[in-house]
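Inside the fold
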Amino acid sequence: MIHAKHNNQTPTSSPLGKKTPLALMIALSFSAAAVASDDTNTTSADATSADATMTVHGRALSLYRAEETSLATKTPTAIDDTPQSIQVLPRQLIEDQAARQITDLYRSMSGVSQYNYSYVTFRGFRQDHVLYDGVRGDPFEGLSIPQLFNIERVEVLKGPAAAVMGSGEPGGTINYTTKKPTYATKRHVAVTGGNQDFTSAQVELSGSANADQLQRYRLGIYQDHENPYRKNTDTRNRIIDLGYEWDAGADTTIGLQYINVTQHIGGGRIRGIPTDDDGNFLADASWNANDASDYHDLEAQVYQVRVNHNINDWLSGDVTLRYFENEDTQKYHESRSLKDTNGDGINDTVTREYRDQLRTNKAGSVTANLVAQLEQHTLLFGADYYRLDNEFNYHRAKRKNGVSDRSLTHPDYTPDDVTSYNLSLAKHTDSREERYGAYLQDQWQITDAWNVLSGIRLDGYRDKVVDLKKETQEQYTGTGFSYRVGSTYKINTQFHPYAVIATGFVPQSAASQASDNGGPFDPEESLMYETGVRTYLFDNRVNMNVALYHITKENVLQTDPNDSDKQVAYGKVRSQGIEVDILADLTENWVANLSYAYNDTLVKQGYGKFSNRTAGKRFANAPHNQLGLWTRYHFPAIDSSIGFGADYVSEQLTQAAQKVKPFTVYDMSWQTLWHDWKFQLNVKNLFDKSYAVSGFTEATGSFVGERRRVYLQADYSF
């Protein structure tokens, strides 16, 4: 039942690459330790409070590092006691980098790079599995990119965590922690303007709803609009976020949340720009296969209820119910093949097809946990259930049905008359996927220095796909077992090593299982070995986390290189590498945040009759080297700060084994406080570099990175 096909190339031998920007940034990052050791003027940990954005009095750890998270264990656990690599990107970092959507933050996640749209390459594997507040239910389900307006922090757990979370990718999990009502009154409004006709406005109100503060509220509204540099494109986002919390007694808290998301992407779904085999664009960076009438629209509603209850002084529990529904409409032109019209040996035209697609998703989940504190043991008992109903209606017109070609060198953007196309029904399916499981976990504090974590989980799935076009029905069921065993040990205050063994189990999506998609496919299964050390050096001014990992994953789905409407499963893929994350106080007012990752992902067992040709080849869009840097200097006398960032990604290969060139882009920012105002200027892609972030098929090409962006924001708190 295992089918795989791959045509990528062998990796380079150098784990660090030869590009000058990478070498310069590595040198800069490791100079942090030397500067910190020379600076004897240490500061106390009286840094900014969580809601201040500019008044900084030292300590990178208080600016950009969280002390604990519940993501990895589902219990509040110190990161130092978590035997698995984890990063937390707080609101301060999100605001400093003027990050509007998750793609703006990948530089600060070691081992994570952009694949396409909402998909990322995570430790070498393509995935889009995310959580919100620790549970399933992504309102951007599909191809829309998550926005960050109502996100308090982004948590990144590396490696599989199926032992508590259920089906999840072995590369890791991104969790979005949404903003919640606050006891203290917080009110602010902000407006932003920028190039490419960017404008945005937002208002956030939060505080107690009554005098005894037993009830709290939150109201957040965000709206933006822009006309990006790609031809025929415009973008609008609107987010409405409402929250309410009620302390229903000394031991019970009830939280309610409603989120409404509206997203319009004109001229999309935008694919890439075709390249030659060396990664050179065959068209201008503004080229687009879409007509001006093409668009991608998303409408989503999210409802969430969470109840926390302390049963007694050693037993507590929580229940979370989450429901979302979205409607994803896509009408766009897709590049299907390349042509050389003048016989010079260079492709200069793409043939296109028109796609009219409607995806309707309705999903609900319930998650319940019971936590017992028994002397040295913290026991977790839990269960969850998730159901996703999806209807997919897909009409298509090809070149023979009236769709025009588009030149790469001299494009004519006169739109086709879509009403003249002879559209045919390509696919109409109604699917349901159900995921359910139960888990048990023990956190054993053997001594003050030694902690052991162990957990097991049993999963089940039921999938049904009804093909309304062919009038057929397919069903799939199965079970899986996962485990995780790890340990942390504090040698002293400076060195905290850890090690973990974990497995992953991911049933294929119901839509992927369908026979006309190439299925059915066996569930993905993975095994990871990871070891690392967390260090606190130079009087706690340098925090460095180092992780080494080895992951094997079976039954990995990829787009069929010969048919983009289908998928194939690679028999086995191996990923291994090293990640280094550094937070450092270079001086009392100068901090730096650096993330570096080296990854080597290879196909170990290929696809069917092509197995011998694909085994031993590099996996698509899995760069060997990534380096992200963010540094900030604060000027106390004028209550201002300046920031500088850099993002380096080494060479990649597309799914068609074409090169994606390495790139380095730089950012800068300025922040200043004046009374109750905050003013912020951000310049992204400082030198207006033209580059590709990843690649797809030969016809659709490589996905283009953003050109220079300039944002100026005024934020007033009252």
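Each chain has its residues counted from 1, following the order in which its sequence is written. Confidence filtering applies because this is a predicted model: local features only for residues at pLDDT of at least 70, side-chain atom pairs given and counted only at 80 or more, and all residues used for totals across whole chains, interfaces and linings. The side-chain values count all of the structure's non-hydrogen atoms but skip hydrogen atoms and water molecules.

This part takes up the overall build of the protein chain. Each helix is a run of DSSP H or I of at least 4 residues and each strand a run of E of at least 2, with the numbering of both proceeding from the N terminus. Counting its regular elements, the protein chain contains six helices and 36 strands. Contacts are assigned to residue pairs that have any heavy atoms within 4.5 Å of one another. Summarising the internal contacts of the protein chain: among those between residues at least 6 apart in sequence, 69% fall at separations of at least 24. With the model as given, the accessible surface of the protein chain reaches about 28,000 Å², and the carbon-plus-sulfur share is 54%. Residue burial considers only the protein chains on display, and all accessible areas are found by Shrake-Rupley using a 1.4 Å probe.

Turning our eyes to something else, we now look at the sheet that holds strand β6 (residues 125-127). Note: strands within a sheet are paired through backbone hydrogen bonds, in either parallel or antiparallel orientation. Judged by pairing direction, the sheet is antiparallel, and its three strands sit side by side in the order β4-β5-β6 without closing on themselves. The open sheet terminates on both sides in strands that have one partner only, identified here as β4 (112-116) and β6. On average, each strand axis in the sheet is inclined to that of its neighbour by 35°, with strand direction left out of account. Relative to β6, strand β5 (residues 119-122) is paired through three bridges, and the arrangement is antiparallel. Bridge pairing in β6 links Val120 to Gln127. The rule for pairing is simple: two strands pair if DSSP sees at least two bridges between them. For helices, the fitted axis covers only the stretch in contact; all axes are lines through C-alpha atoms, and the angles between them, taken along N-to-C directions, range from 0 to 180 degrees.

Relative to strand β18 (residues 377-397), strand β17 (residues 349-374) is paired through 21 bridges, and the arrangement is antiparallel. Bridging across to β18, Ala363 finds its partner in Leu388. Turn length for the β17-β18 hairpin, with the two strands adjacent in sequence and antiparallel, is two residues, and the turn residue Glu375 shows positive phi of about 55°. The sheet contact formed by β18 and strand β20 (residues 424-445) spans 20 bridges and is antiparallel. Bridge pairing in β20 places Thr378 opposite Gln443.

Here, the term nonpolar core denotes a set of buried Ala, Val, Leu, Ile, Met, Phe, Trp, Tyr and Cys residues that are joined through side-chain atoms within 4.5 Å. Whether a residue is buried, partly exposed or exposed follows from its accessible area with a 1.4 Å probe, protein chains only, as a fraction of its type maximum: under 20%, in between, or over 50%, in that order. In this structure, Ile102, Leu105, Met109, Leu148, Val154 and Tyr176 are the most contacted members of the largest nonpolar core, which totals 40 residues. Sequence-distant contacts of Val154, that is, excluding residues within four places in its chain, are made with Gln87, Val88, Leu89, Ile94, Ile102, Leu105, Met109, Leu148, Ile174, Asn175 and Tyr176.

This paragraph deals with unusual backbone geometry. Located in the positive-phi region is Asp197, a residue other than glycine, with phi close to 60°. Take Asp197: it is sitting in the loop between β10 (186-194) and β11 (198-208). In this model, Asp639 sits at a positive phi of 50°, which is unusual for a non-glycine residue. Along the chain, the position of Asp639 falls in the loop between β28 (625-635) and β29 (640-649).

A few words now on the sheet that holds strand β8 (residues 151-158). Sheet architecture is open: four strands sit in the order β3-β8-β9-β7, paired in mixed fashion. Edge positions in the sheet fall to β3 (86-90) and β7 (130-132), since each of these pairs with one other strand and no more. Direction aside, neighbouring strands of the sheet carry axes that sit 20° apart on average. By the bridge criterion, five bridges tie β3 to β8 in an arrangement that is antiparallel.

To continue, consider the side chain of Arg457. Among the structural elements, Arg457 can be located in strand β21 (residues 450-467). Arg457 gets classed as buried once you look at its relative accessible area, which sits at 3%. One polar contact links Arg457 to Asp459, side chain to side chain, over a distance of 2.9 Å. Pairing of N or O atoms within 3.5 Å defines a polar contact, subject to two protein rules: one partner must be a possible hydrogen donor and the other a possible acceptor, and residues neighboring in sequence count only if both atoms are side-chain atoms.

For the rest of this paragraph, the subject is the packing of aromatic side chains. A pair of aromatic rings is counted whenever rings of Phe, Tyr or Trp (Trp by its six-membered ring) have centres within 6.5 Å, and the orientation is called stacked for planes under 30 degrees apart, edge-to-face for over 60 and tilted otherwise. Evaluated as defined, the whole model comprises 18 aromatic pairs. Aromatic side chains Phe149 and Tyr222 sit 5.4 Å apart centroid to centroid with 25° between the ring planes, which places their arrangement in the stacked category. Taken together, the residues span a long stretch of sequence, with Phe149 in the loop between β7 and β8 and Tyr222 in strand β12 (residues 215-226) at a distance of 73 residues. This pair shows no difference in class: Phe149 is buried, exactly as Tyr222 is.

Bridge count for strand β15 (residues 295-310) against strand β16 (residues 315-339) is 16 bridges, and the pairing is antiparallel. In the strand pairing of β16, Ala300 is matched with Asn326. If you look at the hairpin formed by β15 and β16, you'll find four residues sitting between the two strands. Strand direction decides the pairing type here: β16 and β17, joined by 24 bridges, are antiparallel. Paired with Phe324 across the strands is Ala363, a residue of β17.

Looking at where Thr252 falls in the secondary structure, it is placed in strand β14 (residues 252-266). Overall, Thr252 belongs to the buried group, its relative accessible area being 15%.

Residue position: Ser641 is located in strand β29. Along the sequence, Ser641 and Trp590 sit 51 residues apart, while their C-alpha atoms lie 9.3 Å from each other.

A few words on the pattern of salt bridges. Definition used for salt bridges: Asp or Glu carboxyl oxygen within 4 Å of a side-chain nitrogen of Lys or Arg. Counted under the stated rule, the structure contains 46 salt bridges. For Asp384, the salt bridge identified is with Arg457, shortest N-O distance 2.7 Å. Separated by 73 residues along the polypeptide, Asp384 in strand β18 and Arg457 in strand β21 bring together distant segments of the chain. Linking Lys572 and Glu554 is a salt bridge whose minimum nitrogen-to-oxygen distance equals 3.8 Å.

Quick look at the confidence of the model for the protein chain now. Within the protein chain, residue pLDDT values average 88, and 88% of them lie at 70 or more. Here residues 1-58 scores under 50 on pLDDT; set against residues more than four positions off or in separate chains, the count is 149 contacts. Per residue, pLDDT captures the predictor's confidence, and it can take any value from 0 to 100. Counting interchain partners and residues more than four positions distant, the pLDDT-below-50 stretch residues 609-613 has three contacts.

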